[in-house]
Amino acid sequence: MNEKNFPLSNEELREVIKKFPTPFHIYDEKTIRKNFQQLRRAFSWVKDFREHFAVKATPNPHIVKILARDGAGTDCSSLAELLISERAGVIGEKIMLTSNDTPADEFKKAIELGAIINLDDITHIDYLEKNAGLPNCLSFRYNPADIMNEGNDIIGKPAEAKYGLTRKQILEGYKIARDKGIKRFGLHTMVASNELATKTFLLTAQIMFELAVEIKNQLGINLEFVNLGGGFGIPYRPTENPVDFRAVGEGIHELYEKILVSNGLENIAIATESGRAMTGNAGWLVSTVIHEKNTYKNYIGLDSCMANLMRPAMYGAYHHITIAGKENAPLTNVYDVTGSLCENNDKFAIDRQLPKIEIGDILIIHDTGAHGHAMGFNYNGKLRSAELLLKESGEVEMIRRAETLDDYFATLNF
Ligand SMILES: *Cc1c(COP(=O)(O)O)cnc(C)c1O
């Protein structure tokens, strides 16, 4: 179980809305910092722990900066994300470029910034060298389809995933890179997404640590770090339990001793590239009810739509909804909560039990801090909303303005 909170009272929220009209996403600095602290604490046993915050979750330099001040780096997978990282002051090996199908300009910028480059394919060694030059520290993304076969119900089917190198290729890759003069290496994988179960993270760590030993035994390469990827989930439903970071940390510690240290690999850093678990529960989409419609079902119409939050329509994802000032009201009504796109899947909730809703009510859609605003789009000419930040001081700052029609027409040649 977990409690669904919102950091502002109804009165405080109404004051914010006077200044910044709905819809908007609002992020809570305090929660973001707490989330990172929790992750860091889970890995406090390792000498060198690195979190490269997955910028794609919440691509706003203000957010990156909050995490960077506490010691996090970035995980970037596009040119724009590299530029966001740079603007937030995160450069050098604080950056890990984990992209796929990577264009040359992205490699160039990453090399210019001194980033750790994490390659998605063996052919990218040559492509990188030709187009951008080689980095000081190189990593490869492992696709563990050889171990996690089709029947694995925990992680899905790595064999169907476009990412990463096979086991054979990865061993070959280190050899090629070493022959080219690279001396510092890391190893990466990313196989889970929105995962809550401890055992998944332990299985990933075990596979990665065993591969690190194989790399040492076969090639004599002592890896500098093992990056376990992101994928730490959050409990979107009130009935779900959050990731048990203590158990994850302790379990991985045990495997670290048992597999790495006992094989003479004592100083390998542990890296993660968590996005969702850093910002997911620290963001809310705030929206005003503009219509109520009763036909074959009861519909609540919001001033936002799936252009502001795509997850429910795209994955059928659950996002908890509360109504400002009616947090404790009985759930007497059943509604579909909809946006205004000409798509019938533009629904934030279907058959959801909620208190009786009036036009003008403020709906709070929870857990939108990661992969929320970030996934926004302009279909139907809908504009992306503003992003606000509730700072630890209590001040609310607009950290991205809402798009305007001028923005929408700016790319037209007419
Ligand atoms: C999306 C992504 C992440 C972050 O995933 P979360 O589920 O937000 O933790 C990390 N690494 C890579 C390579 C990704 O594509």
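Residues numbered from 1 in each chain as written. Predicted model: local features only at pLDDT ≥ 70, side-chain atom pairs only at ≥ 80, totals over all residues. Heavy atoms only, no water.

Visitor: Is there a simple way to think about the overall build of the protein in this case?
Guide: The number of helices and strands found in the protein is 12 helices and 17 strands. Computed over its C-alpha atoms, the radius of gyration of the protein comes to 23 Å, within 12% of the 22 Å expected for a compact globule of 414 residues. Overall size of the protein, expressed as C-alpha extent along the three principal axes, is 70 × 55 × 45 Å. Here the protein holds 414 residues, and the buried ones make up 54% of them. Of the contacts formed within the protein by residues at least 6 apart in sequence, a portion of 69% connects residues at least 24 apart. Summed over all atoms, the accessible surface of the protein reaches about 18700 Å², with 48% contributed by carbon and sulfur. Computing the positive centroid from 47 side-chain charges and the negative centroid from 55, the protein places the two 1 Å apart. (Helix = DSSP H or I, 4+ residues; strand = E, 2+ residues; numbered from the N terminus. Rg over C-alpha atoms; globule rule 2.2 N^0.38 Å. Buried < 20%, exposed > 50% of the residue type's maximum accessible area, 1.4 Å probe, protein only. Contact = heavy atoms within 4.5 Å. Areas by Shrake-Rupley, 256 points an atom, 1.4 Å probe, with all protein chains shown as cover. Lys, Arg positive; Asp, Glu negative; His and termini not counted. Charge placed at Lys NZ, Arg CZ, Asp CG, Glu CD.)

Visitor: What am I meant to see in the domain arrangement of the protein here?
Guide: A common way to express how large an interface is: the accessible area buried when the components associate. We note that the domain assignment places domain 1 (10-25 + 280-407) and domain 2 (29-278) within the protein. Centre-to-centre, using C-alpha coordinates, domain 1 lies 33 Å away from domain 2. Tallying the contact residues gives 21 residues for domain 1 and 23 residues for domain 2. With both chains or domains summed, domain 1 and domain 2 bury close to 1900 Å², and 54% of this area falls on carbon and sulfur atoms. Summed over the three residues of domain 1 that lose the most area to domain 2, namely Tyr318, His371 and Glu392, the buried surface amounts to 31% of that side. For Arg33, the salt bridge is made with Glu392, and the minimal N-O distance between the two is 2.8 Å. For the pair domain 1 and domain 2, the interface holds 10 residue pairs in polar contact (both at pLDDT 80 or more). Contributing elements (two or more residues each) for the side of domain 1 that touches domain 2: β16 (386-390) and β17 (396-400). Across the side of domain 1 that touches domain 2, the residue classes break down as 7 nonpolar, 7 polar and 7 charged. (Domains from an automatic or database assignment. Buried area = accessible area lost by both parts, 1.4 Å probe. Salt bridge = Lys/Arg side-chain N within 4 Å of Asp/Glu carboxyl O. Polar contact = N/O pair within 3.5 Å; in protein donor to acceptor, adjacent residues only side chain to side chain. Nonpolar A, V, L, I, M, F, W, Y, C, P; charged D, E, K, R; others polar.)

Visitor: Looking at this structure, how should I read the packing of aromatic side chains?
Guide: The relative placement of two aromatic rings is captured by the distance of their centres and the angle of their planes. This structure, assessed with the given rule, holds 11 aromatic pairs. On the numbers, 4.9 Å between centres and 85° between planes, the contact of Phe140 with Tyr174 is edge-to-face. Of this pair, Phe140 sits in strand β6 (residues 137-141) while Tyr174 sits in helix α7 (residues 167-179); the two residues are 34 residues apart in sequence, bridging distant segments of the chain. We note that Phe140, like Tyr174, is buried. Here the aromatic residues Phe43, Trp45, Phe49, Phe209 and Tyr256 are joined through ring pairs into a cluster of three or more. (Phe/Tyr/Trp six-rings, centres within 6.5 Å; stacked < 30°, edge-to-face > 60°.)

Visitor: What should I look at first to understand the packing of helix α5 (residues 104-113) against helix α6 (residues 124-131) in this one?
Guide: A packed helix pair is summarised by two numbers, namely the angle formed by the two axes and the spacing between the axes. Direction vectors running N to C along α5 and α6 enclose 70°, while the axes themselves pass 9 Å from each other. By the criterion of interaxial angle, the relationship of α5 to α6 is roughly perpendicular. Here α5 runs over α6; the crossing is right-handed. Residues Ala104, Phe107, Lys108 and Ile111 of α5 pack against His124, Tyr127, Leu128 and Asn131 of α6. (Axes fitted to C-alpha atoms, helices over the stretch in contact; angles between N-to-C directions. Parallel < 35°, antiparallel > 145°, perpendicular 65-115°, else oblique. Left-handed = near helix turned anticlockwise from the far one by under 90°.)

Visitor: How should I be thinking about the site of the ligand in this particular structure?
Guide: The environment of the ligand is formed by 13 residues, the closest being Lys56, Gly231, Glu273, Arg276 and His371. Gly231 places a main-chain nitrogen or oxygen 2.9 Å from an oxygen atom of the ligand. Glu273 places a side-chain nitrogen or oxygen 2.6 Å from a nitrogen atom of the ligand. Here the shell around the ligand is composed, by residue class, of 2 nonpolar, 6 polar and 5 charged. (Near = heavy atom within 4 Å.)

Visitor: Would you explain the sheet that holds strand β9 (residues 269-272) in this entry?
Guide: Across a sheet, strands are paired by hydrogen bonds formed along the backbone, either parallel or antiparallel in direction. Around the barrel, 8 strands lie side by side as β2-β3-β4-β5-β6-β7-β8-β9; this closed barrel has parallel pairing. Here the strands of the sheet are splayed against their neighbours by 25° on average, with no regard to which way each runs. As paired strands, strand β8 (residues 225-227) and β9 are joined by 3 bridges and run parallel to one another. Its bridge partner being in β9, Val226 is matched across the sheet by Ile270. Each of β3 (73-76) and β4 (95-98) is contacted by helix α4 (residues 79-87), which is oriented at about 165° to β3, the strand it contacts most. (Pairing = 2+ DSSP bridges.)

Visitor: Could you clarify how one ought to interpret the packing of α7 against helix α8 (residues 198-219) in this entry?
Guide: One can describe the packing of α7 onto α8 by two numbers: an axis separation of 11 Å at closest approach and a directional angle of 50°. Classified by the interaxial angle, the pair formed by α7 and α8 is oblique. Of the two elements, α7 crosses α8, and the hand of that crossing is right-handed. In this structure, α7 contributes Arg167, Ile170, Leu171, Tyr174, Lys175 and Arg178 to the contact, and α8 contributes Leu211, Glu214, Ile215, Gln218 and Leu219. Residues that form the contact of α7 with α8 fall into these classes: 6 nonpolar, 1 polar and 4 charged.

Visitor: How should helix α3 (residues 61-69) be read in this particular structure?
Guide: Owing to its 3.6 residues per turn, the α-helix brings residues three or four apart onto one side. Burial in α3 covers these residues: Ile63, Val64, Ile66 and Leu67. Seen along its axis, α3 keeps its buried residues to an arc of 155°; they face one direction. Gly71, located one to two residues past α3, shows a positive phi value of around 115°. (Arc of directions from axis to C-beta.)

Visitor: How do you make sense of the environment of Gly89 when you look at a structure like this?
Guide: Positionally, Gly89 belongs in the loop between α4 and β4. Separated by 20 residues in the primary sequence, Gly89 and Arg69 have C-alpha atoms spaced 9.7 Å apart.

Visitor: For this particular structure, what's the right way to read helix α1 (residues 10-19)?
Guide: Taken together, the buried positions of α1 are occupied by Leu13, Val16 and Ile17. Buried residues in α1, looked at end-on, bunch into an arc of 100°, giving them a common side. Exposed side chains of α1 directed beyond 90 degrees from the buried face belong to Glu11, Lys18 and Lys19. Against the buried residues of α1 lie β1 (24-28), β10 (283-294), β15 (362-365), β16 and β17.

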